[in-house]
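Examination of the molecular architecture
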Amino acid sequence: MTRSFKVLAGLGLLSLALLAFTSLIALYGSSQAPDAPMALEDRLRVFSKLWTEVNARFYDPRFNGVDWAQIKVKYRPRVESVRTRIQLQTILQAMLDEL
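To keep things clear, this report deals only with the structure shown in the data block. No experiment lies behind these values; they were computed from the predicted model shown.

1. Considering the overall build of the protein
- Across its full length, the protein holds 4 helices and 0 strands.
- Order of helices (α) and strands (β) in the protein, N terminus to C terminus: α-α-α-α.
- The proportion of buried residues among the 99 residues of the protein is 35%.
- Of the contacts formed within the protein by residues at least 6 apart in sequence, a portion of 71% connects residues at least 24 apart.
- Within the structure as shown, the protein displays about 6000 Å² of accessible surface, and the carbon and sulfur contribution to it stands at 57%.

2. Regarding helix α2 (residues 40-57)
- Here α2 is 18 residues long and its end C-alpha atoms lie 26 Å apart, about the 26 Å a rise of 1.5 Å per residue gives.
- Here α2 has its buried residues at Asp42, Arg43, Leu44, Val46, Phe47, Leu50, Trp51, Glu53 and Val54.

3. Points about the environment of Met38
- Mapped onto the fold, Met38 is located in the loop between α1 (3-28) and α2.
- Each C-alpha atom, one on Met38 and one on Leu88, is 8.9 Å from the other, the two residues being 50 residues apart in sequence.

4. Overview of the packing of aromatic side chains
- The tally for this structure, following the rule as stated, stands at 4 aromatic pairs.
- Relative to Trp68, the ring of Trp51 has its centre 6.0 Å away and its plane inclined at 5°; by these criteria the two rings are stacked. Note that Trp51 is positioned in helix α2 and Trp68 in helix α3 (residues 68-81), a separation of 17 residues in sequence.
- Three or more aromatic residues link up through ring pairs in this structure, and these residues are Trp51, Phe58, Tyr59, Phe63 and Trp68.
- Over the ring of Trp51 we find Lys72, and its NZ or CZ is 4.5 Å from the ring centre.
- Directly above the aromatic system of Tyr75 lies the positively charged group of Arg78, at a separation of 4.7 Å from the ring centroid.

Quick notes on the rules
Residues numbered from 1 in each chain as written. Predicted model: local features only at pLDDT ≥ 70, side-chain atom pairs only at ≥ 80, totals over all residues. Heavy atoms only, no water. Helix = DSSP H or I, 4+ residues; strand = E, 2+ residues; numbered from the N terminus. Buried < 20%, exposed > 50% of the residue type's maximum accessible area, 1.4 Å probe, protein only. Contact = heavy atoms within 4.5 Å. Areas by Shrake-Rupley, 256 points an atom, 1.4 Å probe, with all protein chains shown as cover. Expected span 1.5 Å × (residues − 1). Phe/Tyr/Trp six-rings, centres within 6.5 Å; stacked < 30°, edge-to-face > 60°. Lys NZ or Arg CZ within 6 Å of the ring centre and 35° of its normal.

Spelled out as structure tokens, the structure:
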């Protein structure tokens, strides 16, 4: 993989991370404190949207050798266990970092 391709791929991942953050803001409102409680249904909706977008749009159909379906299984319980927007954001970033 060329250096420029890696840079472009990184930008794609960055845009997906931005999409996740934007989804959080749109869903939960920017006026909410980052440590405010977030409903399980909302957390799962954001998680599912991000996972699906990466699944559909990631530049490498092999996900850099990562079993993306297994990542969903691995991170869903973590999403269920957190309570706040900032905790969710941290979990989603860790999920993206796996790629």
